[in-house]
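# Examination of the molecular architecture
Residue strings, one per chain:
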Amino acid sequence: MNSSTLSITSHDGQQFDAYLSLPPTGRGPGLVIIQEIWGVNEHIKAVADQYAMDGYVVLAPDVFWRQEANVDLKYNETDTPKAFQLMTNLDEAHAVADLVSTANALRARPEVSGKVGSIGFCMGGRLSYQLAASGAVDAAVCYYGGGIQNHLDKAAAVKCPILFHYAALDGYIPATAVADVKKAFAGRANAQFHVYEGVDHGFNCWGRPMYQQRAAALARGRTLAWLSEQLA
């Protein structure tokens, strides 16, 4: 892959890193990939590379840099408690502002041919939703975004197309939360929902025991088809 690490200037004049992965053609629409709580690790870089192979110019920013730069954790008993602590201590207002800076930096790159979208996973799914509400992206995808139901005051601000993927057996996001998000977007043509039966939170991540190949492939196919329309 044609990948590298970029330095992005934050809204308050500081610098943080982002993983850049370029498509084989060197140009394409832009995508911000927003990490889970384990940082920009092997899995997130692989996801970024996947979407780059699909023709997107991809940036995966270091969301936790204000606490610790370049967090890269594994899905094990040692790293996972640290990952949850980092999420607990995250200043989300700063995080969303940093994602806006990331989207703007991506949009300004010469390799980006036009529109910019975002895809977030877990904590990143919630941040992708908030990034959509900021108006900084042209489309947003939220994979099992925990806590979105607590930010529904921002739903009216989401003007761009938005795609939600949820797991029916999610141990972190109850069905009532999914229902609340659906209700907030009821009757709005810009929102699309998919709920995957028989799978748990994190089904897209091959590094975690709840990975489910069929659901992951189906969600990815739906995401690619949807992005091909929204970022055209």
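For the structure given in this document, a descriptive report is provided here. (Residues numbered from 1 in each chain as written. Predicted model: local features only at pLDDT ≥ 70, side-chain atom pairs only at ≥ 80, totals over all residues. Heavy atoms only, no water.)

## Quick notes on the pairing of strand E7 (residues 162–167)
The following threshold applies: Relative accessibility thresholds used throughout: buried, under 20% of the residue-type maximum; exposed, over 50%; partly exposed, between the two (1.4 Å probe, protein chains only). Each helix is a run of DSSP H or I of at least 4 residues and each strand a run of E of at least 2, with the numbering of both proceeding from the N terminus. By the convention used here, strands pair only if DSSP detects at least 2 bridges between them. Consider the strands pointing away from the viewer: the crossover is right-handed when the path from the first strand over the helix to the second runs clockwise.
Extensive coverage of E7 is indicated by the burial of six of its six residues. Of the two faces of E7, the one lined by Ile162, Phe164 and Tyr166 and the one lined by Leu163, His165 and Ala167 are each fully buried. Where strand E6 (residues 139–143) meets E7, four bridges bridge the pair, whose relative direction is parallel. Bridge pairing links Ala140 to Ile162 in E7. As paired strands, E7 and strand E8 (residues 191–196) are joined by six bridges and run parallel to one another. Paired with Leu163 across the bridge in E8 is Gln192. In this fold, E7 hands off to helix H5 (residues 175–184), which returns the chain to E8; that crossover is right-handed.

## With respect to the state of the cysteines
Put simply, the rule reads: The term disulfide is used for any two cysteine sulfur atoms that are within 2.5 Å.
Counted according to the given criterion, the structure contains zero disulfides. The thiol sulfur of Cys142 is not disulfide-bonded, and the nearest other cysteine sulfur, from Cys160, lies at 8.9 Å. According to the relative accessible area criterion, Cys142 is buried, its value standing at 1%. For Cys160, a relative accessible area of 9% translates into the label buried.

## Section: the sheet that holds strand E5 (residues 112–121)
Note the threshold: To obtain each axis, a line is fitted to C-alpha atoms, and for helices this fit is confined to the stretch in contact; angles are then taken between N-to-C directions over 0 to 180 degrees. In what follows, residue pairs with any heavy atoms lying within 4.5 Å of each other are defined as contacts.
The strand order E1-E2-E4-E3-E5-E6-E7-E8 describes an open sheet built from eight strands, whose pairing is mixed. In this open sheet, the two strands that pair with only one neighbour each are strand E1 (2–9) and E8. This sheet shows a mean twist of 20 degrees between the axes of neighbouring strands, independent of strand direction. Seen against the sheet, helix H1 (residues 42–53) touches strand E2 (15–22), strand E3 (28–34), strand E4 (57–61), E5 and E6 and runs at an angle of roughly 45 degrees to E2.

By themselves, these figures tell us nothing about what the structure is for.
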